Amino acid sequence: MKSFARRFYLFLIVLFLYMPIFVLIVASFNDSKILGTWKGFTLHWYRDFFENATMMNALRTTLVIALLSATIATVLGTLACMTMAKMKKSTKNIIVGITNIPMLNAEIVTALAFMLLFIGLGVSLSFSTVLIAHVTFCIPYVVLNVLPKVQQMDSNMYEAALDLGATPIQAFFLVTVPEIMPGILSGFLMSFTMSIDDFIITHFTRGSGINTLSTMIYTEVRKGIKPEMYALSTLLFVTVFILLFLVNYGPKSKSTKKHKSLTQLMFKNKYTIAVSVCVVIIVGIFGYQLLKDDKEYIGDVYVYNWGEYIDPEVIELFEEETGYKVHYEEFETNEEMFTIVDKKARVYDVICPSDYMIEKMLENDLLTEINFDNIPNLEHIGKQYLESAKGFDPENKYCVPYCWGTVGICYNKNMVNEEVNSWSILFDEKYDGKILMQASVRDAYCVALSYLGYSINTLNEDELKEATDLLVSQKPIVQAYVVDQVRDKMIKNAAALAVIYSGEAIYMQEENDALEYVVPDEGSNVWIDGWVIPKDCQNKEAAEAWINFLCRPDIALMNFEYITYSTPNESARALIEDEDIKNSQIAFPDNSVLSRCEVYNYLGTEGDNLYDYYWTIVGGAESD
Amino acid sequence: MGNKLIDLQGISKSYGKHMVLDDLNLYIRENEFLTLLGPSGCGKTTTLRIIGGFEKPDKGRVVFDGQDITNLPPNKRHLNTVFQKYALFTHLTIAENIAFGLKIKNKPKAYIDDKIKYALKLVNLDGFENRMADSLSGGQQQRIAIARAIVNEPKVLLLDEPLGALDLKLRQDMQYELIRLKNELGITFVFVTHDQEEALTMSDTIVVMNQGYIQQVGTPEKIYNEPENAFVADFIGDSNIIPGTMIEDELVEFLNAKFKCVDKGFGNNTPVDVVIRPEDVELVAPEKGIIQGTVTHLIFKGVHYEMEVMANGFEWLVQSTKMWPVGTKVGIKVDPFNIQIMNKPESEDEEAVGVDE
Ligand SMILES: Nc1ncnc2c1ncn2[C@@H]1O[C@H](COP(=O)(O)OP(=O)(O)O)[C@@H](O)[C@H]1O
Ligand SMILES: [Mg+2]
């Protein structure tokens with residue numbers, strides 16, 4: 001009875017530990033995109049994964065970094081062990097302690113420390129900074145594995161080699177290294193595993209255009225989980241599992257005498273295998289790189305854009321047509337982007353911030369004027385949009401509009417049986433628990449201030465207080481303040497009303513035709529995201545080529561169809577074949593809508609602080 | 001035996017404040033089997049490592065075949081070492097171990113193969129080519145270590161307590177084996193041991209060391225029969241060492257009794273140490289002895305009995321083929337030829353202390 005209980009307990013623990021991974025692995029072979037429904041076995045997520053350029057790129061970066069950092073760490077760590085083994089015991093213990101601390105230190109602390117160090121030294125984050133950080137955190141693992149082997153080794157062996165006529169270098173490579181090879185090998189494998197495994201340190205030290213599998217997964221899942229991710233994660237899990245298995249059950253120096261020669265043989269083979277695998281991977285990677293870059297490569301362009309904000313094919317077309325290699329990176333919020341650019345943590349050539357952020361960047365002197373001689377395609381951009389852009393770029397010198405839209409209400413006709421034309425419906429108790437709000441200060445206050453008839457850029461404290469009270473009083477009937485989930489929830493009929501951007505609305509309508517979108521009569525926000533070139537850009541010509549390319553009508557059309565946000569490119573609009581969309585009031589509202597909308601202005605630090613202050617009151621208020 | 005092959009001149013060596021060797025002078029002749037004998041920690045290994053080139057002396061010179069090699073690294077010296085723990089390369093096969101030195105010297109493959117065969121035959125381990133080092137027993141590893149060294153045709157083979165880790169039977173076999181090897185190869189052996197029996201069995205010359213000083217150099221017979229000081233006497237075999245006074249030439253007094261001896265030239269009434277080997281003590285009826293005592297212990301040792309006799313406040317160690325039961329009153333007699341007189345140590349350094357084996 002007791003033993004049954006114990007076994008059951010063990011079973012629960014194993015289940016608890018491995019269930020999530022098991023689910024993930026099963027999902028990676030599931031033909032259905034929807035978790036929980038099994039539609040049959042398939043490998044096509046794996047195929048998709050291998051055909052996905054971004055993922056393969058990340059895979060390559062991961063392997064290169066893992067191999068390089070493991071190799072460098074193994075060399076450095078082994079040399080350190082040779083010295084450490086000769087030290088006095090007390091000194092050695094102190095040194096071993098010091099090398100062990102980074103292993104136990106909270107990873108986030110190490111990561112931040114690295115980032116601060118690099119930025120403090122004025123080193124832009126890049127491939128090398130990731131590599132340096134990885135080498136550093138791998139060295140302790142090498143020491144951990146190699147030092148005991150060095151100490152176990154009879155020190156006379158090295159001397160015996162000298163005695164037999166070997167020079168110190170020959171003795172080291174012919175005797176010492178092979179004798180401690182099991183330790184070196186497991187140190188290398190462990191470093192390799194740790195490097196592949198790492199997310200936090202990579203995330204904080206990576207430069208523009210550098211993505212490893214883990215940081216790539218992190219960026220991708222923010223946009224929604226694709227089944228390729230299951231495939232990738234499964235591969236990652238299996239790889240790490242195998243590596244750890246090799247580390248723990250690999251060649252052991254202590255084996256029974258009888259099987260010694262056999263193990264030795266196996267060890268030799270395994271050693272050869274490990275080396276050849278490394279060689280194959282390295283040759284493969286660089287061969288691939290050579291093939292890929294064989295085109296008329298003329299330079300690099302580092303692009304920083306919102307997630308899911310471009311048709312990936314456009315990037316490929318740009319590379320093919322211009323010969324520039326695009327390093328494409330994504331951000332999630334304007335503020336995140338600002339910190340990176342302002343602190344010069346990573347350097348980009350061309351960025352796509354929103355209106356108010358462009359204003360803020362201008363105020364901080366972070367942008368450089370665009371040479372419009374290089375952007376002949378600007379003629380396709382509607383004059384009224386350039387006019388609106390003057391709200392943040394008064395002379396139209398710094399920014400080329402890319403996408404625009406309004407903030408409005410999306411509602412489900414099956415749940416809302418009345419005409420929607422005012423923000424007031426969001427405060428109607430009838431819809432208790434069926435309202436979704438945007439979890440961003442400005443959008444939340446846009447709703448309240450517009451409803452109250454104030455400017456959405458107000459700095460009047462009374463007006464802000466009033467708006468705050470309104471939001472606080474509304475909170476009990478709000479289902480949630482959300483960032484990304486509006487789409488899914490509305491499509492799945494999980495809410496009746498939501499504050500949403502017009503671009504999202506078009507997509508949502510395609511998925512669920514009960515959904516409607518309106519810009520309330522009280523007015524709202526019109527936003528414009530545009531391409532700007534930062535001051536510390538490395539390749540201005542490339543940046544301008546990029547902007548010009550995106551303004552080409554056929555390209556702008558591809559992006560419009562992919563992103564579904566309104567395009568300011570009138571020639572592109574003219575090319576739209578679907579009449580419904582071409583004339584959609586959501587995508588291209590008439591001027592009456594635009595005229596009642598305002599852009600967000602940059603409010604200055606004090607203004608931001610004021611909004612943030614009131615926003616925390618809303619955040620802290622009782623919900624239901 | 002030939003000329004001086006190795007000459008250690010005024011060698012001193014310290015580790016930190018610890019002086020291990022102090023002004024050591026020693027020469028080794030060609031084709032000699034020389035043994036460094038002494039308790040552990042006395043500096044034998046250090047001396048050997050200085051000859052091998054693994055340590056540099058703080059002072060003094062190492063001369064090899066007339067050339068100063070004090071600063072020559074080990075890989076340039078024409079001698080090879082068999083290390084205390086063999087130091088076989090565990091990642092290599094036996095054949096690869098033996099071939100190591102030859103490969104470094106880029107010898108042709110056929111030559112190397114011949115040498116491996118020859119060396120394995122010499123150490124009675126033919127057919128072991130493809131075994132791994134640590135699948136072998138201690139004695140076998142020992143012999144491989146020797147094989148690995150001698151294929152390089154060194155002029156001198158340095159062996160550091162090579163038999164220390166072996167059990168008694170194996171040890172005795174290996175002793176004969178080593179002597180045979182030495183004769184077959186016709187090279188110089190410098191052998192380190194703390195086992196006096198081993199040293200007496202194998203050596204042409206024994207160097208007795210203590211605390212970094214040479215106590216006595218000589219043939220085994222000389223060292224055994226005529227120890228120059230109490231340390232040597234005590235360390236080589238069992239001895240009764242008794243403080244006494246040299247009354248005059250050929251007469252010594254100890255334990256309140258006067259004994260005839262054959263030593264001369266110590267002066268009159270000089271304090272000395274008297275050494276008497278246990279097999280040289282004669283037990284007789286009480287009235288026939290010079291002094292009287294009582295048997296306190298008795299052990300049968302195979303070829304003889306070993307007894308302890310309490311007489312005049314000293315516990316005598318006695319070996320005899322005749323058995324005297326415990327409690328028997330006995331008399332003690334010593335033939336004048338078997339009484340060995342030694343000067344008292346002049347300095348503290350020379351004093352025999354710290355025999356921990
Ligand atoms: N590398 C070293 N560092 C410090 N002391 C040492 C070292 N090697 C030997 N010694 C000391 O030198 C003395 C002589 O050592 P060693 O020559 O090995 O003696 P033996 O071989 O006669 O036992 C010992 O007291 C030992 O502790
Ligand atoms: Mg020793």
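Residues numbered from 1 in each chain as written. Chains lettered and ligands numbered in written order. Predicted model: local features only at pLDDT ≥ 70, side-chain atom pairs only at ≥ 80, totals over all residues. Heavy atoms only, no water.

1. Overview of the overall build of chain B
Regarding its fold elements, chain B presents eight helices and 20 strands. Within chain B, the fraction of its 357 residues that count as buried is 53%. Of the accessible surface of chain B, which amounts to about 16200 Å², a share of 48% is contributed by carbon and sulfur atoms. (Helix = DSSP H or I, 4+ residues; strand = E, 2+ residues; numbered from the N terminus. Buried < 20%, exposed > 50% of the residue type's maximum accessible area, 1.4 Å probe, protein only. Areas by Shrake-Rupley, 256 points an atom, 1.4 Å probe, with all protein chains shown as cover.)

2. Quick notes on the environment of Leu48(B)
Residue and element names in this part refer to chain B. By the secondary structure assignment, Leu48 is in helix α1 (residues 44-52). What makes Leu48 buried here is its relative accessible area of 4%. In sequence terms Leu48 and Leu159 are 111 residues apart; their C-alpha atoms lie 8.3 Å from each other. Residues in contact with Leu48, not counting those within four places in the same chain, are Leu158, Leu159, Asp160, Val190 and Val192. (Contact = heavy atoms within 4.5 Å.)

3. Comments concerning the interface of chain B and chain A
Interface size is commonly expressed as the accessible surface area that is lost when the partners come together. Counting residues at the interface gives 26 residues for chain B and 22 residues for chain A. Between chain B and chain A, roughly 2200 Å² of surface is buried when both sides are summed, and carbon and sulfur atoms account for 58% of that area. Among the residues chain B hides against chain A, the three largest losses belong to Asn75(B), His91(B) and Ile104(B). Together they make up 27% of the total. The interface formed by chain B and chain A holds one salt bridge in total. For Glu159(A), the salt bridge is made with Arg49(B), and the minimal N-O distance between the two is 2.6 Å. Broken down by secondary-structure element, the contributors of at least two residues to the side of chain B that touches chain A are β6 (79-82), α2 (94-104) and α4 (138-150) of chain B. Broken down by element, the residue count for the side of chain B that touches chain A peaks at four residues, all from α2(B). (Buried area = accessible area lost by both parts, 1.4 Å probe. Salt bridge = Lys/Arg side-chain N within 4 Å of Asp/Glu carboxyl O.)

4. What about the site of ligand 1?
Residue and element names in this part refer to chain B. What surrounds ligand 1 is the set Tyr15, His18, Val20, Ser40, Gly41, Cys42, Gly43, Lys44, Thr45 and Thr46. Here an oxygen atom of ligand 1 and a side-chain polar atom of Thr45 are 2.5 Å apart. Within the complex, 61% of the 560 Å² of free accessible area of ligand 1 lies under protein. Mapped by element, the contributors of at least two residues to the shell around ligand 1 are β2 (18-29) and α1. Considering each element in turn, the shell around ligand 1 owes the most residues, three residues, to α1. Of the residues assigned to the shell around ligand 1, the class counts are three nonpolar, six polar and one charged. (Near = heavy atom within 4 Å. Polar contact = N/O pair within 3.5 Å; in protein donor to acceptor, adjacent residues only side chain to side chain. Nonpolar A, V, L, I, M, F, W, Y, C, P; charged D, E, K, R; others polar.)

5. Digging into the nonpolar core
Within the largest apolar cluster, 163 residues are counted, with the highest numbers of intra-cluster contacts made by Leu426(A), Tyr445(A), Leu497(A), Trp546(A) and Ile547(A). Per-element tally for this core: the top contributor is helix α6 (residues 127-152) of chain A, with 10 residues. Ignoring anything within four residues of it in the chain, the contact list for Leu497(A) reads Ile409(A), Cys410(A), Tyr411(A), Val416(A), Ile425(A), Leu426(A), Tyr431(A), Lys434(A), Ile435(A), Leu436(A) and Met490(A). Within the second largest apolar cluster, 37 residues are counted, among which are Leu88(B), Leu102(B), Ala119(B) and Val151(B). (Core = buried A, V, L, I, M, F, W, Y, C linked by side-chain atoms within 4.5 Å.)

6. Some remarks on the pattern of salt bridges
On inspection of all chains with the given rule, the structure shows 37 salt bridges over all chains. Between Lys540(A) and Glu544(A) there is a salt bridge, with its nearest N and O atoms 3.2 Å apart. Of this pair, Lys540(A) and Glu544(A) both sit in helix α21 (residues 540-550), separated by four residues, roughly a single helical turn. Classification of Lys540(A) by relative accessible area gives partly exposed; the value is 30%. Among the charged side chains, a salt-bridge network with shared partners connects Glu159(A), Lys13(B), Arg49(B), Glu55(B) and Asp58(B).

7. Quick notes on the sheet that holds strand β20 (residues 340-343) of chain B
Residues and elements named next belong to chain B. If you walk across this open sheet you meet the five strands as β13-β12-β11-β14-β20, and the pairing is antiparallel. Among the strands making up the open sheet, the edge pair consists of β13 (257-260) and β20. Between one strand and the next, the sheet's axes are offset by a mean angle of 45 degrees, whatever the strand orientation. (Pairing = 2+ DSSP bridges. Axes fitted to C-alpha atoms, helices over the stretch in contact; angles between N-to-C directions.)

8. Thoughts on the environment of Thr368(A)
Residues and elements named next belong to chain A. Looking at where Thr368 falls in the secondary structure, it is placed in strand β4 (residues 367-368). Considering only alpha carbons, one finds Thr368 and Tyr398, 30 residues apart in sequence, at a separation of 6.6 Å. Not counting the four nearest positions on each side in its chain, Thr368 is found in contact with Tyr398, Ile533, Pro534, Lys535 and Lys540.

9. Overview of the pairing of strand β12 (residues 251-254) of chain B
Residues and elements named next belong to chain B. Examined bridge by bridge, strand β11 (residues 240-248) and β12 share three bridges and lie antiparallel to one another. Looking at β12, one finds that Glu248 is bridged to Leu251. Taking the residues between adjacent antiparallel strands as the criterion, β11 and β12 are bridged by two residues, where Glu250 takes a positive phi near 65 degrees. Judged from the four bridges that link them, β12 and β13 form a sheet pairing that is antiparallel. Bridge pairing in β13 links Leu251 to Lys260. Here β12 folds back onto β13 in antiparallel fashion, the turn holding two residues, of which Leu255 has a positive phi close to 50 degrees.

10. Quick look at unusual backbone geometry
Excluding glycine, a negative phi dihedral is what most residues carry, and trans is how most peptide bonds are arranged. Residue and element names in this part refer to chain B. Its identity as a non-glycine residue notwithstanding, Asn124 has a phi of 60 degrees, on the positive side. On the secondary structure map, Asn124 appears in the loop between α3 (109-122) and α4. Overall, Asn124 belongs to the partly exposed group, its relative accessible area being 44%. The backbone of Glu250 shows a phi angle near 65 degrees, a positive value even though the residue is not glycine.

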